[in-house]
Amino acid sequence: MAQEPSRRQSAQRVGRFTESVIREQSRIALEHGAINLAQGFPDFDPPAFLIEALQAVLAKGGNHQYANTWGAPEFRLALSRKISREVGRMVDPDRELTVTCGSTEAMIAAMMAILDPGDHVAVFSPYYENYAADGILAGAEAVHVRLHAPHWRFDPEELRSAFRDQGCKALVVCNPSNPCGKVFTLEELETIAAILQEYDALAVTDEVYQHITYHGRTHIPLATLPDMADRVITCSSLSKTYSITGWRLGYVWASPRWTDAVRKVHDFLTVGAAHPLQMAAIAGLEQPDSYYQELSKEYSRRLEILLPALSDAGIPALRPQGAYFLLADISSTGMGDVEFCQFMARDLGVSPVPGSSFFEYPVGNLVRFHFSRRDETLHEAARRLRKLPRML
Ligand SMILES: Cc1ncc(COP(=O)(O)O)c(C=O)c1O
């Protein structure tokens, strides 16, 4: 006898966000065989020392069961040494660090650890689309604070209002920012810190692009500003720094009391990150400063392939200060961003992602390209892009 399908509905929270537009655009790119400049992950392998480290870990054996839930002690020690060196103070691997499945898990664990249903959380806009879903999953309401082009500065009064008038408990800061490539200056971070102090608010930062900055810009962790250590939960990952997005290794760095709260969520979300991959990734954490300088240099080179091509194509982009994305202005094409991205994937063989997915206000004239691709892939994308004016 035929079974009646269930009339039960999925949870309301699931209905409040849609599938990632980036992943959908990636699917369209795949369907048309287009160069995928939508989803930001490298098309090249990680450095050889990481592959070798992974082979050595596998050859040695013994790391195939659950690691310590907070992260393998050896990994946390190596991570604490790296961060301590960068920030000039000792970071306690046992009380301040939690290893997660990427910054993706770090962010949701941090938000769930500090936000109650009904709380408000301020988010700079444009924003990385995961933050909207993170907020919804935590039951919180997002309050968007605009970053204004071309320098993507914020109005301190608007930020203050998010706390004073809307009662935000925390602020989400992506630094360097996806999608706009902003690297917050010390002065801007000081303004944010003062406002957090004024309203006894917290910050959750996403610093996955910390080692990819351009033109002498340096990334400053908000947590390192005076009196911020107990207000800032720093999330980051190894995905972009070592070109290992598939290894799913990230972490939360926070003071012991926030670490305790994050660990409770993390334990039940995922138990922990992959043990053998943590052991192998120690080789990355032990790299000297020159590794990170070289990483930024490599991305600068890739940026210089794509940026002029966009300008020649008549869709100029603002120069980013960090991360590996470009927001191009497609006003001259007369198309909306969704239509343009589909046209690009189908007819030109290069696939960006609609900019509107990163803004809470209507923006139809921007599309985002990423340039985490081999030089030859980017040269081919540039060649195709230069054909655009003839195709319109
Ligand atoms: C701003 C930002 N945060 C987090 C992530 C995901 O990082 P992870 O691989 O560490 O989960 C991305 C990936 O594109 C990103 O752009």
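The structure presented is a predicted model; accordingly, all values stated were derived computationally and were not measured.

Reading guide: rules and limits
- Each chain carries its own residue numbering, running from 1 in the written order of its sequence.
- Given that this is a predicted model, residues contribute local features only at a pLDDT of at least 70 and side-chain atom pairs are listed and counted only at 80 or more, while totals for whole chains, interfaces and linings are drawn from all residues.
- Put plainly, near means the residue's C-beta atom, positioned from the backbone, lies within 6 Å of the molecule or strand in question.
- By definition, any uninterrupted DSSP run of H or I lasting at least four residues is a helix, any uninterrupted run of E lasting at least two residues is a strand, and each is numbered from the N terminus.
- DSSP bridges decide pairing: two strands pair if at least two such bridges lie between them.
- The contact rule is simple: place each C-beta atom from the backbone, and if two of them lie within 7 Å, those residues are in contact.
- Structural elements are reduced to axes, namely lines fitted to C-alpha atoms, with helices fitted over the stretch in contact, and the angle between N-to-C directions of any two is expressed from 0 to 180 degrees.
- The span one expects for a helix is its residue count, reduced by one, times 1.5 Å.

## Here we look at the site of the ligand
As a matter of local geometry, the ligand sits amid 13 residues, with Gly102, Ser103, Thr104, Ser237 and Ser239 nearest to it. It is helix α5 (residues 102-114) that contributes the most residues to the shell around the ligand, 3 residues altogether.

## Describing the sheet that holds strand β10 (residues 325-329)
An order of β10-β13-β12 is seen for the 3 strands of this open sheet, with the pairing classed as antiparallel. Here the strands that pair on one side only, and so sit at the sheet edges, are β10 and β12 (353-354). Relative to strand β13 (residues 366-370), β10 runs antiparallel, the two being bridged by 5 bridges. Its bridge partner being in β13, Leu327 is matched across the sheet by Arg368.

## Comments concerning the sheet that holds strand β3 (residues 120-125)
The 8 strands are arranged β2-β9-β8-β7-β6-β3-β4-β5 in an open sheet whose pairing can be described as mixed. If you trace the sheet from one side to the other, it starts and ends with β2 (97-100) and β5 (153-154), each paired once. Packed onto the sheet, helix α4 (residues 73-87) meets β2 and β9 (250-253) and runs at close to 115 degrees relative to β2. Seen against the sheet, helix α9 (residues 256-269) touches β2, β8 (232-237) and β9 and runs at an angle of roughly 25 degrees to β2.

## Topic: α4
Its 15 residues give α4 an end-to-end C-alpha distance of 21 Å, which sits within 8% of 21 Å, the value for a rise of 1.5 Å per residue. As for α4, its buried residues are in contact with β2, β9 and α10 (275-285). Directly beyond the C-terminal end of α4, a positive phi value near 75 degrees is found at Gly88.

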